[in-house]
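Structural characterization, general
These are the residues of each chain, in order.
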Amino acid sequence: MQFPDTLVFQGYAAPVRAEVDVIDLEVEGTLPPELSGYFLRNSADHAYPPRFENDIFLNGDGMMHQVRIAQGRAHLRTRYVQTEKLGLERAAGRALFGAYRNPFTDDPAVAGRDRNTANTSVVWHGGKLLALKEAGRPMEIDPVTLSSVGVHDFGGKLTSQAFTAHPKLDPVTGEMIAFGYFTQIVADNTIEVYFIAADGTLSRTETIAAPYPSMVHDFLVSRHHVVFVICPMICDWDRVRAGHPFFHWDDREDTWIGIMPRTPGGAAQVQWIKAPRRAMQTHTFNAWEQDGKLHLDQFLTETGWLSQFPDLNNPDTVEKPPFAFRWTVDLADLAAPVAEHMLFPHIGEMPMIDLRFAMGKTRHFWFGTNNPKLGPMLPWGPKGPPFTCLGHFDAETGALDFFYAGPDSSPEEPCFVPRAGSSEEGDGWLVSVVGRRAENRTDLVVLDARRLSDGPVAVIRMPVRIHEGFHGIWVNEAG
Ligand code: V55
Ligand code: FE
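So, here is what we can say about the structure in this document. (Residues numbered from 1 in each chain as written. Chains lettered and ligands numbered in written order. Predicted model: local features only at pLDDT ≥ 70, side-chain atom pairs only at ≥ 80, totals over all residues. Heavy atoms only, no water.)

**Things to note about the nonpolar core**
Across soluble globular proteins, you tend to see nonpolar side chains buried next to one another. Core analysis: the largest hydrophobic core is formed by 69 residues, its most contacted members being Ile191, Phe228, Phe247, Ile257 and Trp327. Per element, the largest residue contribution to this core is 5 residues, and it comes from strand β15 (residues 225-230). Each residue touching Phe247, except ones within four places of it in the same chain, is listed here: Tyr100, Arg101, Tyr181, Phe182, Ser214, Met215, Met233, Ile234, Cys235, Phe309 and Pro310. (Core = buried A, V, L, I, M, F, W, Y, C linked by side-chain atoms within 4.5 Å. Buried < 20%, exposed > 50% of the residue type's maximum accessible area, 1.4 Å probe, protein only. Helix = DSSP H or I, 4+ residues; strand = E, 2+ residues; numbered from the N terminus. Contact = heavy atoms within 4.5 Å.)

**So, the packing of aromatic side chains**
According to the stated counting rule, one finds 26 aromatic pairs in the structure shown. Where Phe285 meets Phe365, the ring centres are 5.0 Å apart and the plane angle is 80°; that geometry is what we call edge-to-face. Of the two residues, Phe285 is situated in strand β20 (residues 280-290) and Phe365 in strand β25 (residues 364-369); the sequence distance between them amounts to 80 residues. With respect to burial, Phe285 and Phe365 carry one shared label: buried. Members of the aromatic cluster, joined through ring pairs, are Tyr100, Phe104, Tyr181, Phe182, Trp237, Phe246, Phe247 and Phe309. The residue whose ring lies beneath Arg204 is Phe195, and the NZ or CZ to ring-centre distance is 3.8 Å. (Phe/Tyr/Trp six-rings, centres within 6.5 Å; stacked < 30°, edge-to-face > 60°. Lys NZ or Arg CZ within 6 Å of the ring centre and 35° of its normal.)

**Here's the deal with the site of ligand 1**
Lining the immediate environment of ligand 1, one finds Leu58, Tyr100, Asn119, Thr120, Lys133, Glu134, Met215, His217, Trp305, Leu306 and Phe470. At 3.2 Å from an oxygen atom of ligand 1 is found a side-chain nitrogen or oxygen belonging to Thr120. A distance of 2.6 Å separates an oxygen atom of ligand 1 from a polar side-chain atom of Lys133. Coverage of ligand 1 by the protein amounts to 99% of the 310 Å² it exposes when considered alone. (Near = heavy atom within 4 Å. Polar contact = N/O pair within 3.5 Å; in protein donor to acceptor, adjacent residues only side chain to side chain. Areas by Shrake-Rupley, 256 points an atom, 1.4 Å probe, with all protein chains shown as cover.)

**Things to note about the coordination of the iron ion (ligand 2)**
For the iron ion (ligand 2), the full set of protein donor atoms is His166 (NE2), His217 (NE2), His283 (NE2) and His471 (NE2), and the range of their distances to it is 2.0 to 2.1 Å. If you look at the iron ion (ligand 2), its 4 donor atoms make angles of 92 to 163° with each other, and the shape they trace is irregular. Motif for the iron ion (ligand 2), donor spacing along one chain: H-x50-H-x65-H-x187-H. On the criterion of sequence distance, the pair formed by His166 in the loop between β9 (148-151) and β10 (168-169) and His283 in strand β20 is long-range, its members being 117 residues apart. Comparing His166 with His283, the two get one shared label, buried. (Donors = N, O, S within 2.8 Å, 3.2 Å for Na, K, Ca; no water. Tetrahedral: all angles 85-135°; square planar, octahedral: opposite > 155°, others 65-115°.)

**Comments concerning the pairing of β25**
In terms of residue burial, β25 counts as a mostly covered element, since 6 of its 6 residues are buried. Relative to β25, strand β24 (residues 349-352) runs antiparallel, the two being bridged by 2 bridges. Pairing of Met352 across the sheet is with Trp366, part of β25. Pairing of β25 with strand β26 (residues 389-394) involves 6 bridges; the strand directions are antiparallel. Note on β26: the bridge partner recorded for Phe367 is Gly391. (Pairing = 2+ DSSP bridges.)

**A few points about empty space enclosed by the protein**
All told, the structure shown has 5 cavities of 30 Å³ or more when counted by the stated rule. Classifying every residue of the lining of the largest cavity gives 8 nonpolar, 4 polar and 5 charged. Computed from the structure, the second largest cavity encloses a volume of approximately 100 Å³. Around the second largest cavity, the lining residues are Val8, Ala13, Pro15, Ala44, Asp45, His46, Phe57, Pro382, Lys383, His467, Glu468 and Phe470. Across the lining of the second largest cavity, the residue classes tally to 7 nonpolar, 2 polar and 3 charged. (1 Å grid on protein atoms, 1.4 Å probe; cavity = no way out; pocket = protein on both sides within 12 Å on 5 of 7 lines; lining within 4 Å. Points joined across faces, edges and corners; volume = space filled by probe spheres on them. Nonpolar A, V, L, I, M, F, W, Y, C, P; charged D, E, K, R; others polar.)

**A closer look at the sheet that holds β20**
The strand order across the open sheet formed by 4 strands is β20-β21-β22-β23, and the pairing between neighbours is antiparallel. The open sheet has two edge strands with one neighbour each: β20 and β23 (339-347). Mean inter-strand twist for the sheet, computed between neighbouring axes without regard to direction, equals 20°. Across 8 bridges, strand β21 (residues 293-301) lies against strand β22 (residues 323-330) in antiparallel orientation. Within the sheet, the bridge partner assigned to Lys293 lies in β22 and is Asp330. (Axes fitted to C-alpha atoms, helices over the stretch in contact; angles between N-to-C directions.)

**Thoughts on the state of the cysteines**
Summed over all chains, the structure comprises 0 disulfides. Distance from the sulfur of Cys231, which forms no disulfide, to the nearest cysteine sulfur (Cys235) is 15 Å. On the basis of relative accessibility, which here comes to 1%, the residue Cys231 falls in the buried class. Unpaired in this structure, Cys389 has its nearest cysteine sulfur neighbour in Cys415, at a distance of 19 Å. By relative accessible area, Cys389 is classed as buried at 0%. (Disulfide = S-S within 2.5 Å.)

**With respect to the pattern of salt bridges**
In this structure the tally under the stated criterion is 36 salt bridges. Between Glu28 and Arg461 there is a salt bridge; the shortest N-O distance is 3.4 Å. Linking Glu28 in strand β2 (residues 26-29) with Arg461 in strand β32 (residues 458-461), this pair joins segments that are 433 residues apart in sequence. (Salt bridge = Lys/Arg side-chain N within 4 Å of Asp/Glu carboxyl O.)

**Details of the sheet that holds strand β33 (residues 469-476)**
With antiparallel pairing, the 5 strands of this open sheet are ordered in space as β1-β5-β4-β3-β33. Strands at the two margins of the open sheet, each flanked by one partner only, are β1 (21-22) and β33. Across 6 bridges, strand β3 (residues 37-44) lies against β33 in antiparallel orientation. Bridge pairing links Ser43 to Gly469 in β33.

**A word on unusual backbone geometry**
Non-glycine residue Asp24 carries a positive phi angle of around 60°. Along the chain, the position of Asp24 falls in the loop between β1 and β2. Phi is positive for Met359, close to 80°, though the residue is something other than glycine. Note that Met359 resides in the loop between β24 and β25.

Printed below as a string of structure tokens:
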């Protein structure tokens with residue numbers, strides 16, 4: 001067997017496939033003694049060469065990465081998520097499932113079996129660690145051993161086959177708010193919204209109808225509202241059946257904002273309003289209300305996203321990078337135009353806040369980015385240009401600050417870890433995986449979250465490469 005010679009499968013993006021344990025990683029500098037817990041994240045790491053050479057990076061098998069930090073020491077563990085898909089393919093010794101989210105391209109031997117790759121993110125809620133993919137149900141993972149416990153359907157209360165990779169945790173109530181779209185795998189415009197109590201009980205499902213069937217990768221939750229930004233990254237099931245890419249960008253459609261109250265029966269009160277312009281929401285920072293206004297802080301691009309899906313009407317379009325915008329809705333007058341304001345004049349993606357302050361106004365914004373003033377751009381990978389920097393925006397002072405990771409180095413999504421014992425917003429560390437591309441190796445850097453340009457307080461050096469990932473979290477020692 002051999003992987004295709006494409007950007008998705010070669011060089012720094014090549015599948016890693018090894019499940020490793022490295023006890024006592026090298027540490028440059030000093031790990032803060034109070035930093036005690038687990039950095040956990042998910043990645044897409046194809047276990048087998050794909051059935052189709054043009055397969056996309058979003059279709060890799062979920063591989064969990066764990067860096068355990070305690071008493072100044074750090075240890076690495078990586079394990080595949082043991083999905084039904086991986087089990088069937090390992091038994092066969094080859095890929096059986098075909099194109100991204102397209103069951104028509106599978107080997108008939110696996111018709112009707114679970115296609116979930118569980119490859120996008122992780123959440124810790126109700127005492128459970130869940131590996132998430134928006135096209136499948138949660139997979140429960142043991143946070144210490146990373147072994148797979150199995151599909152988690154909330155005791156049968158989750159009837160959907162799909163659960164977002166971007167649920168939101170309410171720091172006040174402890175609730176998890178999540179959603180599913182294309183809930184029975186086939187593209188439709190139904191979105192189910194799930195309210196999961198602090199103890200992990202799925203206590204309520206609300207069902208709404210979006211303007212059209214599209215990728216709903218992320219969403220926003222404020223103290224009182226659930227908000228969807230529906231963007232014309234569209235899925236047409238007839239095109240899927242005909243073997244076309246699962247999504248396409250269609251600039252004939254508008255972008256819509258759906259606002260639903262969090263209260264029981266909220267679905268009946270959902271209101272859809274037109275966004276200020278056509279845009280693709282990539283990921284969200286946060287949503288919050290103040291003085292009758294609802295603020296939506298998010299990254300938006302004017303084009304499609306992820307470099308894997310075609311622009312239907314303009315096939316030669318080059319996708320544009322996202323910028324951070326605040327959309328402000330007047331809750332007393334939904335017919336009034338939605339105001340738009342750029343949060344900071346710098347490209348970025350992979351937003352992060354101090355999640356203890358989610359659903360309220362926040363001061364600190366972190367993100368992955370590039371800054372050609374600090375160092376050269378890196379060669380394009382399958383997702384476009386890799387980040388070279390992490391950014392911090394202080395909304396109180398307006399200051400922007402950057403960590404430049406060095407030549408051939410690519411930081412990934414930053415994760416904020418509060419300083420134990422401190423409740424001040426932004427007081428803590430920013431932890432990020434950094435690819436050392438020239439060395440085919442990976443590091444984890446620990447930065448003072450409010451002093452990025454000071455450089456890392458510690459660099460944890462891995463003797464191996466772990467695959468580029470998507471989203472991660474920090475789980476304290478005590479859970
Ligand atoms: C994204 C990732 C996915 C996916 C859809 O980063 C969107 C966005 C890793 O899988 O299936
Ligand atoms: Fe995401």
